[in-house]
Amino acid sequence: MILMKDFVNWKIGGEAGYGILSVGVMFGKFCTRNGLFAFNSSEFPSLVRGGHNTVQLIVKKTPALSQYFEVNLLVALNAETIEKHLNELSSDAAIIFDGKEIDIKKYKTKKSHVLIDIPLTEIAVRHGKKIMRNTVSLGASIALLGLEFDKLEQLIKEAFAGKKDALIPINIAAAKEGFNFIKNRNIKFNYQLKEQKQKNHIFINANDAFSLGAVKSGLKFVAEYPMTPSSSILSFMAAHELQYDIVVKQTEDEIAAMNMIIGGGFAGARSLTATSGGGFSLMVEALGLAGMTETPAVVVESQRPGPSTGLPTMTEQGDLMFALNASQGEFPRMIIAPGDVTEAFEAGLNSFNFAEKYQLLVLVLLDKYISEGNTTVKEFDYSKFKINRGKLLTKAPKNYLRYAFTSDGISPRVLPGTLGTVYKANGDEHNEKGVSDESEENRIKMMNKRMKKLDVLKKELPEPKLYGDKNAKISLIAWGSTKGIILEAINELQKQKIKVNFLHYNYVFPLKEKKLLELIKKSKKVLLVENNMTSQFGKLIAQETGILFKNKLLKYTGRQFYPHEIVNAVRKLK
Amino acid sequence: MTELKDLNTKEIPTWCPGCGDFMILASIKKAVADMNLNPSEVVVVSGIGCSAGLPHWIETYGFHSIHGRAIPVATGIKLANHGLTVIVVSGDGDGYGIGLNHLIHAMRRNLDITFIGHNNQIYGLTLGQTSPTSTQGAKTVSTPHGSIETPINPLSLGLASGATFVARGYAGNTTQLTDLIVKGTKHRGFALIDVFQPCVTWNKINTFDFFKQRVYDLNSEKFNTSDLNAAFSRCQELGERIPTGLFYQTETDTYSDDLPQLKEKPLVKQNITNVDIKSVLNKYK
């Protein structure tokens, strides 16, 4: 008996410029509208045209939290796709290809594979252009998976509405022909999806989710220099600048971007910059300026593998130690590392409150995997969100002191332009008035005042979240974007009757220790999971608690983990 | 009324006795008082170097930032609140060396900012190294055998970069300098005011005496300040006679003028509660 499967891991491959990324997002949205859950990830070289690109989409009835290794439906727009990904196919996988362009006999496909030869190019060219092979293959894919066509038609209309109206009918016709090609043949495919009840879900990545949260929280000024994988934050903001009256400035470099948002924050606008490791390197000196002048600033650092240019379109959690220590001297900073798109939205929502309340630098660490990985999630809930600008005064009290010593280290702030007073923001060590002061007595008081804010902030932060079986004897510890992968792995382990729990850090610094210490005491085996070579979070934990990890699962190939890698590592722990 | 004494601070400048920076400070104060600007609506922004202490000695808002970055900090301030008068004080190291990239872009953006370049042709605070405007052959502690490089000409750089107000002052003539700062601040757009500011400690060539013998007021003759080519030509004159004054001025939209986001009010005055993101969120459905 053949076991039918109600999920699929779909992969499309071809050269850059083949419209692979866009069709991946369209498919994800299509699944979301069908009440299903999708998660996409992409892999592409640093090229605008050419090279080998893939997009993968896992679709399930239950939340899809990560990428998966084993592919069930492969769309090959070129021969390289088959060459490179044949080893990833499940034994009952299907391959959609164009027999006029790919000689499938050259490859060691299995007898159990379903080979579907569709004249993709002929259909695409007949309706319009060769690039439309992407739409033809999407039409074919949804037919093969047993889903209906109508929602795709609507999505194509929305995708091209406005500027490219002429492309709508030809793309619909091309997709429909791909769809009918499958429907007219009796092809048996084990992976069958069914429309689920609509759940008011969205399909979004962490860059867009963060951006939306930031807009909601009153963001007014963005200064950014483009750098993969953070650039879509710049284009998101630019696309919405007039709708929300946000000034979006593409700067001459990241040094300018960081210093501009310090100026913007000082003047009183909620200000943001976003970059990746290379650009963050250029911002380093200014981070300390924000710290010293106690100017609220929010910086997104979407990590990619270094050093130097490294693997510019790939992913890594390699910049935690850098973010923690960047810039000379000692000053308070906060680091948030969202684990999924919902946490990214919340980071966008809350970062500016933290930055203004504590008058400090907030660093949001994303990475390529989460920045560009679209996920189907429940529509974001922001009903309880309130703007908190901390000790921001609209009128200056008598004898106002900008850097007044207070019990919580936070001084009341007035904005330049406030009448009846003036003050200096000063990168030199200064007194309560902002005037340079090099005395030992003042230095100690000021250092203590600034660092005090970190203690107060730490008290406000929630403990990290514990997932899985509270009483399990095996515990996983991780931060940031590995969250979904580990959660999928826990589900798999549960099926294998292995009980595991998982402590995930979204708020990375200042580090909350209580739950961690309790867990480590209780667990027999603890595994630290990080997408880097030197276990940077492990170093942070060691620095803050003295705890050293014996078991570490580290991956630094420039690719994110797959759930089975976590499962295997846990099984080996036994 | 803003009076000169309102702009005095309790703190006393730490510049060397006789430094040209004193005269620049006096001219800025006089200009702010002459324009009757409310000190609470003025922000003076500096980077690092001898010039950078200046915000501490004028009773307005101030931002003493890091080396070369006064312009981007000032840009952020101006974009966030274009109601403020923003004056950048910089130097030949700060503005024409480490921060030059920002200066060029600020000029082509035509932000409504006044840039005052304290140009002493030497690094003073770091004890006498060569600067981007040091004359060729100048012997300094970092060029003991004479500087090899051609100096930057801030005025022709400004003209080439699209600055809409290009002027040169001399610290020894505070009447003219005050007038240039008033004109530059009132000018809608980026005002580049390069100021010859003799360093009495380190620069033994470009001294007060040196300039006294050479400078003359370009605007005392019939000079057309809307003629870009004439401005280019006259700012090359750096020999026995050196012109000062307003070289070039033209009126065009400022960067803020062209931002519809700022039409109604500055960013900092806009209401940020209850931003409605529903319509954008719906696009992800």
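The model shown is predicted, which means the values in this text are computed figures rather than measured ones.

**Notes on the interface of chain B and chain A**
- Counting from both sides, the interface comprises 53 residues of chain B and, opposite them, 71 residues of chain A.
- Broken down residue by residue, the surface that chain B buries against chain A is led by Tyr61, Tyr284 and Lys285 of chain B, which jointly contribute 16%.
- If you look at where chain B meets chain A, you find 4 salt bridges.
- Across the pair Lys285 of chain B and Glu379 of chain A runs a salt bridge whose closest N-O atoms are separated by 3.0 Å.
- There are 31 residue pairs in polar contact (both at pLDDT 80 or more) connecting chain B and chain A.
- Every element with two or more residues in the side of chain B that touches chain A is listed here: strand E2 (61-64), helix H2 (70-80), helix H4 (100-109) and helix H9 (278-282) of chain B.
- It is H2 of chain B that contributes the most residues to the side of chain B that touches chain A, 7 residues altogether.
- In this structure, strand E15 (residues 424-426) of chain A lies alongside E2 of chain B, joined through 3 bridges in parallel fashion. Residue Ala425 of chain A lies in a different strand from E2 of chain B, and its bridge partner there is Phe63 of chain B.

**What about the pairing of strand E3 (residues 50-60) of chain A?**
Residues and elements named next belong to chain A.
- E3 sits mainly inside the fold: 10 of its 11 residues count as buried.
- With 8 bridges joining them, strand E1 (residues 8-16) and E3 adopt antiparallel strand pairing. Considered in E3, the bridge of Val8 is made with Val59.
- Of the strand pairs in this sheet, strand E2 (residues 37-43) and E3 are connected by 7 bridges, and their pairing is antiparallel. If you follow Phe39 over to E3, its bridge partner there is Ile58.
- Hairpin connection between E2 and E3: a loop of 6 residues separates the two successive antiparallel strands.

**A closer look at the sheet that holds E2 of chain B**
- Ordered in space as E15(A)-E2(B)-E1(B)-E3(B)-E4(B)-E6(B)-E5(B)-E8(B)-E7(B), the 9 strands form an open sheet in which the pairing is mixed. The strands lining the two open edges of the sheet, one partner per strand, are E15 of chain A together with strand E7 (215-217) of chain B. Between one strand axis and the next, the sheet turns by 20° as a mean value, whatever way the strands run.
- Bridging between strand E3 (residues 85-91) of chain B and strand E4 (residues 114-119) of chain B involves 5 bridges; their strand directions are parallel.

**Things to note about the domain arrangement of chain A**
Residues and elements named next belong to chain A.
- Domain parsing of chain A yields domain 1 (8-199), domain 2 (204-378), domain 3 (391-460) and domain 4 (465-573).
- Here the C-alpha centre of domain 2 lies 33 Å away from the C-alpha centre of domain 1.
- The interface is formed by 17 residues belonging to domain 1 together with 10 residues belonging to domain 2.
- Around 1,100 Å² of area is buried between domain 1 and domain 2 when both sides are counted, 52% of it from carbon and sulfur atoms.
- Of all residues in domain 1, the largest losses of buried area upon contact with domain 2 belong to Phe39, Asn40 and Phe44, amounting jointly to 40% of the total for that side.
- Summed over the shared surface of domain 1 and domain 2, the number is 0 salt bridges.

**Here we look at the side chain of Gln317 of chain A**
Residues and elements named next belong to chain A.
- Its location among the elements puts Gln317 in the loop between strand E11 (297-303) and helix H12 (320-325).
- Taking the relative accessible area as the measure of exposure, Gln317 reaches 1% and is therefore buried.
- Within the local environment of Gln317, its side chain forms a polar contact with the backbone oxygen of Trp479, the two atoms lying 2.8 Å apart.

Calculation criteria
Residues numbered from 1 in each chain as written. Chains lettered and ligands numbered in written order. Predicted model: local features only at pLDDT ≥ 70, side-chain atom pairs only at ≥ 80, totals over all residues. Heavy atoms only, no water. Contact = heavy atoms within 4.5 Å. Buried area = accessible area lost by both parts, 1.4 Å probe. Salt bridge = Lys/Arg side-chain N within 4 Å of Asp/Glu carboxyl O. Polar contact = N/O pair within 3.5 Å; in protein donor to acceptor, adjacent residues only side chain to side chain. Helix = DSSP H or I, 4+ residues; strand = E, 2+ residues; numbered from the N terminus. Pairing = 2+ DSSP bridges. Buried < 20%, exposed > 50% of the residue type's maximum accessible area, 1.4 Å probe, protein only. Axes fitted to C-alpha atoms, helices over the stretch in contact; angles between N-to-C directions. Domains from an automatic or database assignment.

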